[in-house]
Amino acid sequence: MTRPPLDLVPAEVPAYPLTHNPLNGVTGGIWRTRRDGRPAVLKLIAPPGGGAGPAHWAASADPGHWNYWRREVEAYHSGLATTAWAGAGLAAPEVLAIEERPDGTVALWLADLDGRPGTAGSVADLADLARRLGAAHADWLDRTGELSRHDWLARDWLRDYTLSRPVAEPVPWDHPVAVAAWPAALRAGLRRLWERRHAVLAATDRLPRTLCHHDVWPPNVVFTDGGPVLLDWSFVGPGPIGEDAANLVLDTFFDGLVDVALLPEVADAVLAGYVDGLRDAVDPALAARAVKLTGAAKYFWLAPVMLNRAGGATGQTYDRRDEAAMFAGRRPVLELLARWADEQLS
């Protein structure tokens, strides 16, 4: 959909489509436009059954499902998105309006933000964001019971999302594309991680629980003068400590949006910042372990999916590189992932 429906944005009002995951059946479109004369972002939220996307990105009517279609609407309507992490200096966009439409979709109007996109953030910016994430997670330790009144929160997002990724067995670990880009030791490490995925998830179950965003990565961050603002609260729910910080490290680089040469510096800075944010609530060694363990859990499926698709369409939304460049560019990130997994499972 190149333009939003005319009942939402008249033809004479400019509306510019924003990059998003078109495979996700929940998102009918996102546009930068205006509402009542002020800059705004319009996100059209679609109920189940309206899209033609793949099954593993289908919208769900189950409030606890990892991809429940109304979750972001409820997160803003309840005030959770804008208040839950305010004490740690993490904000969400201002809600301008929520409109229930006759066709069953919901128009979510948010204030446009004046700031730097997350992809332009410095290492110091990402370290500061990680410290705030640690403080936010510390604030919700032992408080996840308070979330029971919100039945629309993701029930077990990390497990449900990762196990729903479409991996076909047997995984071709020695596919020529992988052999050309990834050394044997890396392929072996990624295979070990895939084969031990259930043990990895079980290990994350033993970590302290907190409130997680579940999708902290540069496209969902704006660095404003007042501090970082987090976008896209579609996956919010309880989860293990470490996960949001782990995703910030790994997903900053997977799609080639940030120079992968920065990976070692960013990984060290984010880990240090997150541990510092949790310092008064969680032992630093446990906090560091949680980041590495949840990172392994979040992406055990990625290499298998890449190998399933090798030699065909890459099917990427954000990563615009050709297949060879994508495999090569992701190598350092996957090496870090495999190292984290081996460290935590040995």
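Whatever comes next refers back to the structure up there.
So, how was this worked out
- The residue count restarts for each chain, going from 1 along the sequence in the order it is written.
- Thresholds applied to this predicted model are a pLDDT of at least 70 for local features of residues and 80 or more for the giving and counting of side-chain atom pairs; totals over whole chains, interfaces and linings are not thresholded and use all residues.
- Calculation of side-chain values draws on the structure's entire complement of heavy atoms; hydrogens and water are dropped beforehand.
- Buried residues of nine kinds, namely Ala, Val, Leu, Ile, Met, Phe, Trp, Tyr and Cys, make up a nonpolar core once their side-chain atoms join them within 4.5 Å.
- Accessibility here uses a 1.4 Å probe with only protein chains present; expressed as a share of the type maximum, an area under 20% marks a residue as buried, one over 50% as exposed, and anything in between as partly exposed.
- Only DSSP runs of H or I covering at least 4 residues are called helices, and only runs of E covering at least 2 are called strands; the numbering of each starts at the N terminus.
- Residues are treated as being in contact if the distance between any of their heavy atoms lies within 4.5 Å.
- Between the rings of Phe, Tyr and Trp (Trp by its six-membered ring), a pair exists once the centres lie within 6.5 Å; its type follows the angle of the planes, with under 30 degrees stacked, over 60 edge-to-face, and the other angles tilted.
- For a Lys NZ or an Arg CZ to count as sitting over a ring, it must be within 6 Å of the ring centre and within 35 degrees of the ring normal.
- Two strands make a pair as long as DSSP finds a minimum of two bridges between them.
- Every axis corresponds to a line fitted to the C-alpha atoms, with the helix fit spanning only the stretch in contact, and the corresponding angles, defined between N-to-C directions, vary from 0 to 180 degrees.
- Throughout this description, a polar contact denotes any pair of N or O atoms lying within 3.5 Å of each other; where both atoms belong to protein, one of them has to be capable of donating a hydrogen while the other can accept it, and for residues adjacent in sequence the pair is counted only when both atoms sit in side chains.
- For this count, His and the chain ends are skipped, Lys and Arg are scored as positive, and Asp and Glu as negative.
- Salt bridges are identified by distance alone: a Lys or Arg side-chain nitrogen within 4 Å of an Asp or Glu carboxyl oxygen.
- Cavity: a set of points on a 1 Å grid over the protein atoms alone where a 1.4 Å probe fits but cannot get out. Pocket: an open set with protein on both sides within 12 Å along at least five of seven lines, its lining residues, like those of a cavity, having an atom within 4 Å of a point.
- Grid points are joined across faces, edges and corners, and a volume is the space filled by probe spheres set on the points.
- Residue type decides the class: Asp, Glu, Lys and Arg count as charged, Ala, Val, Leu, Ile, Met, Phe, Trp, Tyr, Cys and Pro as nonpolar, and the leftover types, Gly among them, as polar.
- Helix span, expected: 1.5 Å multiplied by one less than the number of residues in the helix.
- The reported bend at a residue is simply the angle between two axes, fitted to the 7 residues ending at it and to the 7 residues beginning with it.

Colleague: What am I meant to see in the nonpolar core here?
Modeller: Where a protein is soluble and globular, its nonpolar side chains tend to be buried together. Grouped together as the largest cluster of nonpolar side chains are 104 residues, with contacts concentrated most on Trp 85, Trp 182 and Phe 327. The biggest single contributor to this core is helix H12 (residues 323–345), with ten residues. Residues contacting Trp 182, with those up to four places away along its chain left out, are Arg 187, Leu 190, Ala 303, Met 306, Leu 307, Phe 327, Arg 331 and Leu 334.

Colleague: I'm lost on the packing of aromatic side chains in this one. Help?
Modeller: Each aromatic ring pair is specified by the distance between its two centres and by the angle formed by the two planes. Overall, the coordinates contain 14 aromatic pairs when judged by the stated rule. An angle of 70 degrees between the planes, with centres 5.5 Å apart, marks the rings of Trp 57 and Trp 66 as edge-to-face. Each of the two residues, Trp 57 as well as Trp 66, counts as buried. Through pairs of rings, three or more aromatic residues link up here, namely Trp 57, Trp 66, Trp 157, Tyr 161, Phe 235, Phe 254, Tyr 299 and Trp 301. Residue placement shows Arg 143 over the ring face of Trp 140; its charged tip is 3.9 Å from the ring centre. Positioned above the aromatic ring of Trp 194 is the side chain of Arg 197, whose terminal nitrogen or guanidinium carbon lies 3.7 Å from the ring centre.

Colleague: Just checking my understanding: could you explain the sheet that holds strand E4 (residues 95–100) for this structure?
Modeller: Read across the sheet, five strands follow the order E1-E2-E3-E5-E4 without closing on themselves; strand pairing throughout is antiparallel. The strands lining the two open edges of the sheet, one partner per strand, are strand E1 (16–17) and E4. Bridge count for strand E2 (residues 27–35) against strand E3 (residues 38–45) is eight bridges, and the pairing is antiparallel. Its bridge partner lying in E3, Arg 35 is registered against Arg 38.

Colleague: Explain the sheet that holds strand E6 (residues 116–117) here, please?
Modeller: Pairing between the strands of a sheet comes from backbone hydrogen bonds, and it takes one of two forms, parallel or antiparallel. Across the sheet, three strands lie side by side as E6-E8-E9; this open sheet has antiparallel pairing. In this open sheet, the two strands that pair with only one neighbour each are E6 and strand E9 (227–230). Sheet analysis places strand E8 (residues 221–224) next to E9, joined by four bridges and oriented antiparallel. Bridge assignment links Val 221 to a residue of E9, and that residue is Leu 230. Along the sheet, helix H3 (residues 123–140) contacts E6, E8 and E9; its crossing angle with E9, the most-contacted strand, is approximately 70 degrees.

Colleague: Could you clarify how one ought to interpret the environment of Ala 75 in this entry?
Modeller: Turning to its location among the elements, Ala 75 is positioned in helix H1 (residues 71–78). Remark: the alpha-carbon pair of Ala 75 and Asp 255, spanning 180 residues in sequence, is separated by 27 Å. Aside from chain neighbours lying at most four places away, what touches Ala 75 is Leu 80, Ala 81, Trp 152, Trp 233 and Val 236.

Colleague: Explain the side chain of Thr 105 here, please?
Modeller: Along the chain, Thr 105 falls in the loop between E4 and strand E5 (106–111). Within the local environment of Thr 105, its side chain forms a polar contact with the side chain of Asp 103, the two groups lying 2.6 Å apart. If sequence neighbours within four positions are ignored, Thr 105 has contacts with Leu 44, Ile 45, Ala 46, Pro 47, Glu 99 and Glu 100.

Colleague: Would you take a moment to explain the side chain of Asp 244 for this structure?
Modeller: Secondary-structure assignment places Asp 244 in helix H8 (residues 243–251). Despite its burial, Asp 244 pairs with no opposite charge, the nearest such side chain being Lys 298 at 7.2 Å. From its side chain, Asp 244 meets the backbone nitrogen of His 213 in a polar contact 3.0 Å long. A polar contact of 2.9 Å, which involves the side chain of Asp 244, links it to the backbone nitrogen of His 214. What Asp 244 contacts, discounting residues up to four positions off in sequence, is Trp 85, Leu 133, His 137, Leu 211, Cys 212, His 213, His 214, Asp 215 and Val 216.

Colleague: Please clarify how the layout of surface pockets should be interpreted in this entry.
Modeller: The probe, sized like a water molecule, is rolled over the atoms to show the empty space still left. Space inside the second largest pocket adds up to approximately 160 Å³. Listing elements by their share of the lining of the second largest pocket, those giving two or more residues are helix H9 (263–278) and H12. Per element, the largest residue contribution to the lining of the second largest pocket is five residues, and it comes from H9. Residues of the lining of the second largest pocket, tallied by class, amount to seven nonpolar, no polar and three charged.

Colleague: What exactly am I supposed to notice about H12 here?
Modeller: An α-helix turns once every 3.6 residues. As a result, residues three or four positions apart point the same way. For H12, spanning 23 residues, the distance from its first C-alpha to its last is 30 Å, which sits close to the expected 33 Å at 1.5 Å a residue. The sharpest bend along H12 measures roughly 45 degrees and falls at Arg 331, with the proline Pro 332 sitting one to four residues further on. At the N-terminal end of H12, a side-chain oxygen is found 3.3 Å from the backbone nitrogen of Ala 324, two or three residues along, and the residue is Asp 322.

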